[in-house]
Each structure stands twice: as C-alpha cells, then as structure tokens.
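# Architecture and fold: a report
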Amino acid sequence: MTAPDLFEAALITRSKSSLPVRFVPLLAGLIALTAYLLTLPPGLTWDLGGADGGELATAVYTLGLVHSPGYPSYLLLAQIARLLPFASFAQRLNAFSALCAAAAVLTLSAVLAGHLRTEPAETAGRPGGGAYLAGGLAGLLFGLCEVVWTQAIIVEVYALAALFCAGLIGLALWTERAPAAGPYTRRLVLFGLIAGIGMGSHYMMVFAGMFAALYLLLSGPRRLLRASSLLAIPAFAAGLSVFAYLPLRAGAVPLSNWGNPDTLSRFWGEISVAVYRGRVDITLIPERILPLVRCVVDQLSVPGTALALLGLIGWRREHKPLLTAALVTAALNLAFTASYYSVDTLPYIYPTLILLALAAGSAVYRLVCVWLPAEVHSGPALRGLAYAALTAAVCAPLLVRGVPIVSQATIEADTTSRRMIELLPAGSLIISNEDRLTFALRYAAAVSVPRPDVVPIDARLLKFEWFRQDIVRGWPHLGLSTDEAAPDDFDAARLLALIPPDVPVFFTYPAEIAPGYRLDAIEGGLLYRVAERPDSGS
C-alpha cells in the first residue's frame, strides 16, 4: 500500500470514530481509578472484607505463602507495590488493587467497544464513536459496583482476579472474530496462557473459561474442534506453572508458609483447596439463590439491571451463542456462589457482573445508535447528550450506594496491631484466636514495626503439623524440639508447658488455658499477660 493509500485509510478510520472518542475506555479507567484513590484507606484495614489483608501483605513483603490455593499470581504481581515511592506497604498494596480494578474497567470498556464495532449497525454507516461510549458506560457500571469498589481499595486478590476475568472474556470475543485459522489458533493459545496465569489470582477463572469454551463452541464448532486448537492446552499448562512458586518458597518464611507445600501430596492439597472442600453444599442453593440474585440487582442498580436485561434480549435476536454462553455461565457462577458456605463469597460473582455489564453496554449502544430517531444518533451533540444521560442514570445510584460504604473504612487493623506489637517485651509469644487479628499481628511484626523477635501465632493453627514445625524452626529461643511439637493434639496449654518460663507470653483474649494459669489484663484489656504458670512461682 502506498503512502497516499495509507493516508486515505487513516482519514476514513478517523471519520468513522474520532480520535478523542477512542480514548473513552481509558477515560473510564481513569474515572474509576480516581474514585478508588480518593477512597483508599491509608493502611491495613479490617473493613470491607479486608480480614485477609495482613496475611497477604506479609506474604508479598516476605515472599511467603498464604492460605489455599496460594494465589501465586497475586503474590508475584503485587511485587509492583515495592516500586511505588509513597506510603506504608499496606497502602501501596491498596493502590495496587486500585490499579488492577481500574485496568479491569478499561479492559471491559475496550472489549465491548471492539465487539460493538463489528455490529451490523457499524458497517451500515452508524457513528463509530458510539461503540466506545457504550463500552465506557459498561466499564463504569462494573467498576462502581459496591462489591468491586470495596475490593479495589483494600489488600485482597479480587481486583487482580477481576482484571484477569475481564481480559479472558474479552479474549474469547476477540478469538471468535479471528478472520482465519491461523489468527484463531494464536488467539486461542494466548487465551490458554493467560487463563493459566489467571488461575493463580483466583479460581473464578474457571467460569471465564467456561464462558469462552461454550461461546466459541456455539459460534463455530468446526473452528474450535480443529486439531490446532489443542495447542491451547500446553499454553494453559505453561500458565499454570506460576504455581511452582508454592513449592519453591515452601518453608522459606516461618508462619507465612501455609501448608508447607514441599512435597507432592502437600502441594496437591494446597492447590486442590482440600481444607475448604467441605464448604460446598448444594443443598444451600434453593434458599440462597434468590437472595443472591437480588444482591446482583442491588450491585448493578435498577437502571443498570434493566439495561442488562434489555441487552440480553438484544443478544437473543442477534447473538444467540453469546446469550446462551452468558446465561449458562451466570447460572453456574451464581449456583456455585450460593452453595459455598462462607461469609466472603460475594466477589465470586464477578464473572456474572462482567457479562451483565457487557449486556448493559450493548443495550445502551442499541438505544442510542439503532433504536433512537436518526436525528439523534446522527448528531454528535445529541448523541453525546443521550450517552451522558444514560451514564448518569446508571452511575448515580452506584455512587450514592458506594461512597458512604467505602468511606467507612478505617485502619484500626494497622493501629491496633502496631500498638500490641510495640508493647511486647523482647522475645514475646503472642497468641490470638481469630484470622484478622492474627494476620494483622504478623504484618506488624514482619513489616510495619518490625519485631522479628516476637512470635505471633493463632491457637487454632496449632493443630497443623506444618505450623508447629514452623515455630520450632523460626524461633529457637522457645526451646521446642521437633519431637515435642509432633503430637496432633498439640494446643496452647501444651505449648506453654514446654517453653521456658522466662519467655513472656501474651494472649489477645481472656483464654481459659488450664488450672494453675493466671492471666492479667494490661492496657485496659488490649492484651492478657500470663502472670502465673503451674509450679512456676511467677
């Protein structure tokens, strides 16, 4: 192609969609990022579902391990937080979550814009900028959902998982649009690789993969079932190699070493989430599915939900494979979330929210560029006004709902744990019995204070052999031997009976240990010091 031909092609492209409009997905991401940063807690928080924040922050800082399935992609990618030149480490990880969630908004916006630009309305000469504006609305609809916003400003894995999930759904749509066998296969291989890496952020990627498989199968079974498509399998396996981080770092950081996956059986136990299998109970689905559906409506707001339903109706007429794949994926995603017995499962519905946001954006595009009178969608000013009105109708309820909730986040986790650790004498053992406080104490002792001489443990984890051996290896001043820590009935009373009497021991709660022990409250009940032990005389 000659230079004049290229110039002419550029002019045609620019006439179909002006350059500023192409930046709408980026603008949507920046708007979301601004909202997140303005409401970002300045440290570690227990609010908004941040109970695991201390564990994750400690593991990122020390290159340790966390609870099943290990989340290696998060632990590795969150190392970016080390590069941020401001604030505490926890606040930097909060900012990392914000960046990931904003990138998810940008990705979702770009995905829908790319999809809509292949619509018949575009090829018929409709204004190309409408696809980008609709994409921006879809991205903001997802990014301002309460369950997305709250996880975008704390130390958690879900913002990164949202980015991977949005990317995978977008890759599925992009793969289907491949013009020939070669690009189709290459895009499928890329999907497999990113899906494998995404599994290291959260297993909700299973639902993104489910959507992709069903959508591609329904859209063109012959293309998907070609032998070359099998190349996606080794690509997926290559992505899963991120889980090698777990055995490579097993035992490296005492107490930040969940499951100590240094053997094949322990490694499998971690990645197969063996400890949580009992939480799935399908008998819970009938009683929990309707409240969960109502929760989805609350997350999207009534206008957002109405647009999503309108978009699904539009898909029924023009994109039946997309509709079928979306509905099946959403149904299974919601059913699994309803069956999982835990208090923090709401972010598991991200795949459903992403698909519904895409449907809502599609509805907005059809409303403005297809169904409204020609004088509206042909005039830039009227078209922009229509998009602005719909965006305000969708986003205003989300802001009204979200801002008061995210503004309540405090850094009590930071201040309380720091105060406790700073009060302890040298070489102290501090025992708690709840996740959020245990994790916050570890973060304070390892990162924010720090106090490597202090041993923060959770009494409930003493039943795990790997946890007891970590105590033996990590703090020899406690005088424990491997054999002494071996019994499975090991508990706090046995631990106190074995350690030297000169080791200061504190509880975070008024524990009932055994006859002969006396606990004295200090700092108004902030801590309880073991003041007397059997036969110790002190």
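These numbers were taken from a predicted model, which means no experiment stands behind them. (Residues numbered from 1 in each chain as written. Predicted model: local features only at pLDDT ≥ 70, side-chain atom pairs only at ≥ 80, totals over all residues. Heavy atoms only, no water.)

So, on to the layout of surface pockets. A volume near 1100 Å³ is recorded for the largest pocket. When contributions to the lining of the largest pocket are tallied by element, the ones reaching two or more residues are α4 (53–62), α12 (205–219) and α23 (435–448). Among the elements that make up the lining of the largest pocket, the one with the highest residue count is α12 (3 residues). Residue composition of the lining of the largest pocket, by class: 23 nonpolar, 6 polar and 10 charged. A volume near 400 Å³ is recorded for the second largest pocket. Considering the residues around the second largest pocket, the lining is formed by 20 residues, among which L188, F191, G209, A213 and A232 are closest to the centre. Among the elements of the structure, α11 (181–199), α12 and α14 (232–240) are those that each provide at least two residues to the lining of the second largest pocket. No other element matches the 6 residues that α12 contributes to the lining of the second largest pocket. When grouped by side-chain class, the residues that make up the lining of the second largest pocket number 16 nonpolar, 3 polar and 1 charged. (1 Å grid on protein atoms, 1.4 Å probe; cavity = no way out; pocket = protein on both sides within 12 Å on 5 of 7 lines; lining within 4 Å. Points joined across faces, edges and corners; volume = space filled by probe spheres on them. Helix = DSSP H or I, 4+ residues; strand = E, 2+ residues; numbered from the N terminus. Nonpolar A, V, L, I, M, F, W, Y, C, P; charged D, E, K, R; others polar.)

Mean pLDDT for the protein chain: 90, with 92% of residues reaching 70 or above. Here residues 121–125 is a poorly scored stretch, pLDDT under 50, and it has 9 contacts once near neighbours within four places are set aside; other chains count. (pLDDT = per-residue confidence, 0-100. Contact = heavy atoms within 4.5 Å.)

With 5 bridges joining them, strand β4 (residues 518–522) and strand β5 (residues 527–532) adopt antiparallel strand pairing. Of the residues in β5, the one forming a bridge with D520 is R529. Here β4 folds back onto β5, and the loop between the two strands holds 4 residues, one of which, E523, carries a positive phi near 55°. (Pairing = 2+ DSSP bridges.)

Now for empty space enclosed by the protein. Under the counting rule described, the total for this entry stands at 1 cavity of 30 Å³ or more. In this structure, the largest cavity spans a volume of roughly 50 Å³. Forming the walls of the largest cavity are E55, T58, L65, L255, S256, W258, R442 and W466.

Next up on the list: α11. When the terminal C-alpha atoms of α11 are compared, their 27 Å separation across 19 residues agrees well with the 27 Å that a helix rising 1.5 Å per residue should span. All buried positions along α11 are accounted for by P183, Y184, T185, R187, L188, F191, G192, A195, G196, G198 and M199. (Expected span 1.5 Å × (residues − 1). Buried < 20%, exposed > 50% of the residue type's maximum accessible area, 1.4 Å probe, protein only.)

Bringing the sheet that holds strand β3 (residues 505–507) into the picture now. Overall, mixed pairing links the 5 strands, which are arranged β2-β1-β3-β5-β4 in an open sheet. At either margin of the open sheet sits one strand with a lone partner, and together these are β2 (455–458) and β4. Strand-to-strand twist of the sheet, defined as the mean angle between neighbouring strand axes without regard to direction, takes the value 30°. Examined bridge by bridge, strand β1 (residues 429–432) and β2 share 4 bridges and lie parallel to one another. The residue bridging I431 from the neighbouring strand is I457, located in β2. Here α23 sits on the sheet in contact with β1 and β2, set at roughly 165° to β2. (Axes fitted to C-alpha atoms, helices over the stretch in contact; angles between N-to-C directions.)

Put simply, helix α6 (residues 89–116) and helix α10 (residues 158–176) touch, their axes get as near as 7 Å, and they point 15° apart. Considered as vectors, α6 and α10 are oriented roughly parallel to each other. Here α6 runs over α10; the crossing is left-handed. Where α6 abuts α10, its residues S97, C100, A101, A103, A104, T107, V111 and H115 lie against A159, L160, A162, L163, A166, G167, G170 and L173. (Parallel < 35°, antiparallel > 145°, perpendicular 65-115°, else oblique. Left-handed = near helix turned anticlockwise from the far one by under 90°.)

What follows is about the side chain of Q91. Examined against the element boundaries, Q91 turns out to sit in helix α6. Exposure remark for Q91: the relative accessible area of 18% places this residue in the buried category. Not counting chain neighbours up to four residues away, the residues in contact with Q91 comprise L40, P41, P42 and G43.

Before going further, it helps to examine the nonpolar core. One finds Y36, Y74, F142, F211, L429 and I457 to be the most contacted residues of the largest nonpolar core, which totals 171 residues. What F211 contacts, discounting residues up to four positions off in sequence, is I169, A172, L173, L322, A325, A326, T329 and L355. (Core = buried A, V, L, I, M, F, W, Y, C linked by side-chain atoms within 4.5 Å.)

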